[in-house]
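Close look at the chain arrangement
These are the residues of each chain, in order.
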Amino acid sequence: MKNNLLPSLVGVIVSLIAVWWLHGFLLVDRCLDSGGAIDHKTNLCMGEKNQIIELATSSGTLAIYCIAIMIVSLVSGSLIRKLLKR
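Below you will find a few notes about this structure.

Let us look at the state of the cysteines. Evaluated as defined, the whole model comprises one disulfide. Each sulfur in the disulfide pair Cys31 and Cys45 lies 2.1 Å from the other. Judged by the sign of its S-S torsion, about 90°, the cystine formed by Cys31 and Cys45 is right-handed. Linking Cys31 in helix H1 (residues 5-33) with Cys45 in strand S2 (residues 44-46), this pair joins segments that are 14 residues apart in sequence. One exposure class covers both Cys31 and Cys45, and it is buried.

And the structure:
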């Protein structure tokens with residue numbers, strides 16, 4: 001693999017992992033804000049009387065994810081390039 005491709009590939013992988021973590025964090029926060037509780041066995045948001053609360057992802061949240069992917073990918077890619085130049 002070329003040295004030019006490696007930093008970009010690592011940047012994309014790191015950004016996807018970061019957004020995956022961010023998405024889980026935001027879903028738990030939204031569940032707790034709506035008065036539910038997370039069932040850790042099924043990863044579902046449970047309301048009163050064990051009803052499932054569906055949490056939709058808004059377009060604003062998707063825009064935040066896209067911005068986070070771009071920023072984390074660029075920063076981690078540039079850091080890897082600097083480390084490879086040494």
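Further notes follow.
By the element assignment, Thr61 lies in helix H2 (residues 59-85). Here Ser58 takes part through its side chain, which lies 3.0 Å from a polar atom of the side chain of Thr61. In this view, Thr61 contacts Leu26 and Arg30; residues no more than four positions away in its chain are not counted.

How each quantity is defined
Residues numbered from 1 in each chain as written. Predicted model: local features only at pLDDT ≥ 70, side-chain atom pairs only at ≥ 80, totals over all residues. Heavy atoms only, no water. Disulfide = S-S within 2.5 Å. Helix = DSSP H or I, 4+ residues; strand = E, 2+ residues; numbered from the N terminus. Buried < 20%, exposed > 50% of the residue type's maximum accessible area, 1.4 Å probe, protein only. Polar contact = N/O pair within 3.5 Å; in protein donor to acceptor, adjacent residues only side chain to side chain. Contact = heavy atoms within 4.5 Å.

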